[in-house]
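# Secondary and tertiary structure notes
As a plain string of letters, each chain reads:
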Amino acid sequence: MKVSTNWLKDFVELAPPVTRTAERLTLAGLEVKKCETLTHPSDTLFEIEITSNRPDWLSHWGVAREIAAVENLSLKNPVIDSEVGRTPPPGWKIQIKDAAGCPYYTGVLIEGITETKTPDFIVNRLLACGIRSINLIVDITNYVLLEVGQPLHAFDADLIRGKEIVVRKSKQGEKFILINGAEIELKPEDLLIADSDRAVALAGVMGGKDSEISDKTRNVFLESAFFNPGRVRKTSRTHQLSSDSSYRFERRVDPEGVDLGRSRALALIQKYAKPRHISAVIKAGEKPQLAVKTIQLRGDEVKSVLGVEIKPSQIALILGRLGLHVKQHSEGVWTVGIPSFRPDLTRPVDLVEEIARIYGYENIPETLPVREPLTVVESPRLILERKIRQFLSGAGLSETVTFSLISEDGLDASKDLKEAVQIVNPLQHGLHWMRPTMVTSLLTVIQKNVNAGADSIPVFEIANIYSMTDAHKHPMEERICAIALYGKKAVQSWLDAARSVTLYDLKGYGEAILKNAGCADLCVAKTQKSYFAEGTAEELRTWQTPLAFMGQVSQELLEKWGLKEPVYYAEISLEKLVAPAQKIRTFKDWPKYPAIERDLSIVVKDSVKSGDLMGEIRGLGQGLIREVELFDLFRGKRVPEGCKNLAFRVVYQSLERTLVSDEVQKVHEKIAQTLVQKYQALFQTS
Amino acid sequence: MKDQISRVEKEAREDLSRVDSMEKAELFRVAYLGKKGKLTELFKLLGGVAPDEKKAVGAELNRVKQWLESSVEEFRQKAPKGGVPAEIFDETLPGIRPPQGSVHLLQQTIQEISGVFSRMGFETVEGPEIETEFHNFTALNIPLDHPSRDAFDTFYTTHGQLLRSQTSTVQIRVMKERKPPLKIIAPGRVYRPDTVDASHSFMFHQIEGLMVDDRVTFSDLKGVLHLFLRELFGSQTKIRFRPHFFPFTEPSVEIDIQWGKGWLEILGAGSVDPNVFDEVGYDKNTVKGFAFGLGVERIAMLRHGINDIRHFYENDLRFLRQFS
């Protein structure tokens, strides 16, 4: 809100410079974001930010009241005119049919307006606050709104049918034309001001076209009322209509301001519009009372919340400056009466905050909590995440942060999105899915970097994926580590040539993460995902728990993202990896007896899996094999078509004794024979 | 031919007597056995030798070659260790760098902030991003139809859940699960339907903090948060505490740090509102607490001079690798 300091000076004496006042207000919680200097007429505007708990600050008088409290100054009241007619307007009546929506409604009839020119000071002050002048009567209602915070509405009295004001809920299918000309269909909960046969205003939000004040208006019906904040808010939100009035009503206006605002407006109308006659005020309903009218405050509550001792005399003084009615109840205990404009004060702690604000937050000392230390247990999953970040970034991968909200681009609606969580009010670009996988997010990262000229893009992200397997249960979130590799494995140097990444590089990262976590007994199985090329995906498991999967992204997606080289993508479930991960590892001694190495170079059909052969070799080792390692794989040359040469290094070692060469030779030969029989292996002679 | 060989051999013996350093030994080797070495040149002439003499000349050449090689080797063995550079060492050649990866700057910032609080005894905890009305609003004293809710526009799921608009949800979850005393911080992603521009994003990161026991005060909040900001921004940093309004704290405060000529809001905090204690089933008369929340992006942008929040989510390697 914009506040004119000239206007404030009507109510409180501001000692120059006003920027100092601005700073004092800011440090008391009424934040002045900006000070703007105006010329012609010269003025300083405060751009202030008002928190939703302080509607009493939404006016110049309200801000002046705060300045008076903060600076300990006296506050002048707005000039009002109590001289109104003695007789109510003949024939006019007000009827409240929805007392919950409108507990208190007042009106007055102003007849025979003779002047229509708005005085310059009103035009200028409104303009400074961002409101343009419309006509004298409307300008005065706006002026009063900005001055004392009470929204008023003026109707052309001759356009009100039946001299009747009815405050009621809207009827089924009722329509209404707003001041701005737009027609809206009313909702049953909308609160209306109506005459004898139609709606004339959307209560507290906006007036109607049919009864608005024009240049021809000579007789005015002026409304000043209290509307229920929740109801005004609902109507304002339902119809997406917001006005200076609705903004104040939905935050709750001061019930005492209803009469004050009307009286202030009448004073201005009397003076500048020079009407022939102003009637007596007609009223319906009662002013709503505060739910909590007094609060009992103990001095020790102030100390236990703030941690500082403030003198009882000072506490009473501060509360008094804020316009609260302080009575000493007993030693160090006060009964504090709450004025109608402070519904936010309902509990002792609310008063403590008021005391702290005016006492000054800067005057409260800084201390450190005194208490015995607590045991802090670090979450095993967070430890695991930190280790993985360290490992992957050390291995040359860059961590990304991409949005959890995605579009369905690249995903299969029947597979990937079947159990995905959907957003009803997405913001943009159809980002209405909570992602069930990070593959499309990382493809976009790769695409952007390729376009920026990168040729080696190894990235990873640790974040949640989301799913909803049961519509009656809360959605699931799973922390995963996703890895995507693209392009060159390493940058070419003067010493080494570059090569492209392969699925096996990705698998190496995956295996290393699982093994580093302390996960033994890994096994692999083929799997399939909609976004992988057929037959390139595999899963790493420990026992029956799948921990990770990986594969080569399908050609279709590569084309969709405009990528020329393959992308390899993996997801590792960190939730699942925490369980088999070992927190504290036990030392294992290595064998003291020498090892014997034997190589086994065989030619088998392409369909034979190297993992099966390694398992077979290990199984036939009679417990003497410590390690089987595949150290070479090639095709072509002397290897027949459709076959491959695999070279294994078998390490024989016993924990108990030194192995004899003959013994090892026998086992090794037995293995070789079995491979020949079972897998039609051929031995390559060199 | 044989004469030539014995001449070279004689010369070599003389040269060898003058070899007294590894460098000279290497020069000696090159002079006789290098590509254009004296003995190497003689080997090249072998093709022109008469066939009947070839075998004898070849044997003689090999004998001298072996003698030269063993002499150099012998010198090497005797010489102090350190080796002879096989080729001329160029100290200006660039090193072969290991691959350079990076942890995301937001994550680094979270780790750094968590580290500061962890030293003060705060435990890092997490909560779900898809939340309920209760944890995100009701329990935090934010009524459904109230203007205080305007500050928290929210994404909703088709099944009536919402994406948390602040990490304060985690304090509710932890308080409902555990008894005081508590000292926790909760980093994580939060969501608000804001249009993306240089300073807004519909997804960003917050860190929520909470301390609850039977005696903690507003002055403790000031002490802890000032200590934190000094650790993060340096001990010279000026800060100010400014009253503010949050539905879930009372009194509430915003903390600004001096930045250039002005002040920048960096933290929101306050003493836990008694209504929040009521919601989680704590006795508001005996329990005291303070809570705070900060935006990770904002802090990272300030500290690293980043002027566009979108850099964090675009993941350009030129950005990511600057902070490796």
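Because the structure is predicted, anything quoted here is derived from the model rather than measured.

Procedures and definitions
- Residues numbered from 1 in each chain as written.
- Chains lettered and ligands numbered in written order.
- Predicted model: local features only at pLDDT ≥ 70, side-chain atom pairs only at ≥ 80, totals over all residues.
- Helix = DSSP H or I, 4+ residues; strand = E, 2+ residues; numbered from the N terminus.
- Rg over C-alpha atoms; globule rule 2.2 N^0.38 Å.
- Buried ≥ 20, exposed ≤ 12 C-beta atoms within 10 Å, placed from the backbone.
- Contact = placed C-beta atoms within 7 Å.
- Nonpolar A, V, L, I, M, F, W, Y, C, P; charged D, E, K, R; others polar.
- Pairing = 2+ DSSP bridges.
- Axes fitted to C-alpha atoms, helices over the stretch in contact; angles between N-to-C directions.
- Arc of directions from axis to C-beta.
- Core = buried A, V, L, I, M, F, W, Y, C linked by C-beta atoms within 7 Å.
- pLDDT = per-residue confidence, 0-100.
- Domains from an automatic or database assignment.
- Parallel < 35°, antiparallel > 145°, perpendicular 65-115°, else oblique.

When its secondary structure is counted, chain A shows 18 helices and 32 strands. Taking 26 Å as the expected radius of gyration for a compact globule of 686 residues, we find that chain A reaches 40 Å, considerably beyond that expectation. Principal axes of the C-alpha set define a box for chain A whose edges measure 125 × 60 × 50 Å. For chain A, with 686 residues in total, the buried portion stands at 40%. For chain A, the share of sequence-separated contacts (at least 6 apart) that also reach a separation of at least 24 residues comes to 69%.

The next thing to look at is the interface of chain A and chain B. Listed as interface residues are 78 residues of chain A and, on the opposing side, 64 residues of chain B. For the side of chain A that touches chain B, the secondary structure elements donating two or more residues are α6 (229-238), α9 (299-306), α11 (348-359), α12 (380-394), β19 (398-399), β21 (421-422), α13 (439-451) and β23 (456-467) of chain A. For the side of chain A that touches chain B, the element with the most residues is α11(A), which contributes six residues. Considered class by class, the residues forming the side of chain A that touches chain B number 38 nonpolar, 23 polar and 17 charged.

Residues and elements named next belong to chain A. In spatial order, the strands read β30-β31-β29-β32; together these four strands make up an open sheet with antiparallel pairing. Two strands lie at the open edges of the sheet, namely β30 (625-634) and β32 (682-683), each paired on one side alone. Relative to β30, helix α17 (residues 610-619) is tilted by about 150 degrees, and along the sheet it contacts β30 and β31 (643-652). Sitting on the sheet, helix α18 (residues 661-679) touches β29 (596-605) and β31, and the angle it makes with β29 is about 10 degrees.

All right, on to helix α2 (residues 18-26) of chain A then. If you check which residues of α2(A) are buried, you get A:Val18, A:Thr21, A:Ala22, A:Leu25 and A:Thr26. Viewed along the axis of α2(A), the buried residues span an arc of 135 degrees, placing them on a single side of the element.

Turning our attention to the environment of A:Ser242. Residue and element names in this part refer to chain A. Along the chain, the position of Ser242 falls in the loop between α6 and α7 (244-249). A tally of 14 C-beta atoms within 10 Å means that Ser242 is categorised as partly exposed. In this structure the C-alpha to C-alpha distance between Ser242 and Ile137, which are 105 residues apart in sequence, comes to 21 Å. Not counting the four nearest positions on each side in its chain, Ser242 is found in contact with Ser236 and Tyr247.

Before going further, it helps to spend a moment on the nonpolar core. In this structure, A:Ala203, A:Val220, A:Ile355, B:Leu225 and B:Ala269 are the most contacted members of the largest nonpolar core, which totals 150 residues. When residues in this core are grouped by element, the largest group, nine residues, is from helix α5 (residues 136-148) of chain A. In this structure A:Val220 touches A:Ile110, A:Ile113, A:Ile137, A:Ala154, A:Phe155, A:Asp156, A:Ala157 and A:Ile213, once residues within four positions along its chain are discounted. A:Leu397, A:Ile423, A:Ile483 and B:Leu320 belong to the second largest nonpolar core, which has 68 residues in total.

Now for the confidence of the model for chain A. In this model, chain A carries a mean pLDDT of 92, and residues with pLDDT of at least 70 account for 99%. Ranking the helices and strands of chain A by mean pLDDT puts β19(A) first, with 98, and β32(A) last, with 86.

This paragraph deals with unusual backbone geometry. Residue B:Pro181 is bonded to the preceding B:Pro180 through a cis peptide linkage, with omega at 5 degrees. Within the secondary structure, B:Pro181 is located in the loop between α7 (169-177) and β4 (182-191). Between B:Glu250 and the following residue, B:Pro251, the backbone shows a cis peptide bond with an omega angle of -5 degrees. For B:Pro251, the position within the fold is in strand β7 (residues 249-259). At A:Arg252, a residue that is not glycine, the phi angle is positive and equals roughly 85 degrees. Inspection of the secondary structure puts A:Arg252 in the loop between α7 and α8 (255-272). The backbone of A:Gln680 shows a phi angle near 50 degrees, a positive value even though the residue is not glycine. Considering the arrangement of structural elements, one finds A:Gln680 in the loop between α18 and β32.

Another point: the pairing of strand β10 (residues 191-194) of chain A. All names here are of chain A. What you see with β10 is no split at all: Leu191 and Ile193 on one side and Leu192 and Ala194 on the other are buried throughout. Bridge count between strand β7 (residues 164-169) and β10: four bridges; the pairing is antiparallel. Within β10, the residue paired with Val166 across the bridge is Ala194. Here three bridges tie β10 to strand β11 (residues 199-202), and the two strands are oriented antiparallel to one another. The residue bridging Ala194 from the neighbouring strand is Ala199, located in β11. Taking the residues between adjacent antiparallel strands as the criterion, β10 and β11 are bridged by four residues.

Here we come to the sheet that holds strand β12 (residues 206-207) of chain A. In spatial order, the strands read β4-β7-β10-β11-β12 (chain A); together these five strands make up an open sheet with mixed pairing. The sheet terminates laterally at β4 (93-96) and β12 of chain A, the two strands that pair on one side only.

Moving on to the domain arrangement of chain A. Looking at chain A, the domain boundaries give domain 1 (2-71), domain 2 (93-285), domain 3 (300-362), domain 4 (380-578) and domain 5 (596-683). The straight-line distance from the C-alpha centre of domain 2 of chain A to that of domain 3 of chain A is 37 Å.

All names here are of chain B. Summarising burial for strand β5 (residues 203-213): ten of the eleven residues are buried, a large majority. For β4 and β5, the ladder comprises ten bridges, and the chain directions are antiparallel. Within β5, the position partnered with Gly188 by the bridge is Gln206. Pairing of β5 with strand β9 (residues 288-295), which is carried by eight bridges, proceeds in the antiparallel orientation. From the neighbouring strand, Val212 faces β9, where its bridge partner is Gly289.

Another point: the confidence of the model for chain B. Mean pLDDT over chain B works out to 90, with 97% of the residues at or above the 70 mark. Confidence metrics for the complex model read pTM 0.85 and ipTM 0.88.

Here we take up the packing of α2(A) against helix α3 (residues 60-71) of chain A. Residue and element names in this part refer to chain A. Contact geometry of α2 with α3 gives a least axis separation of 10 Å together with a crossing angle of 85 degrees. Taken as axis vectors, α2 and α3 run roughly perpendicular relative to one another. Residues Thr21, Arg24 and Leu25 of α2 form the contact with α3, whose own contacting residues are Glu66, Ile67, Val70 and Glu71. Across the contact of α2 with α3, the residue classes tally to three nonpolar, one polar and three charged.

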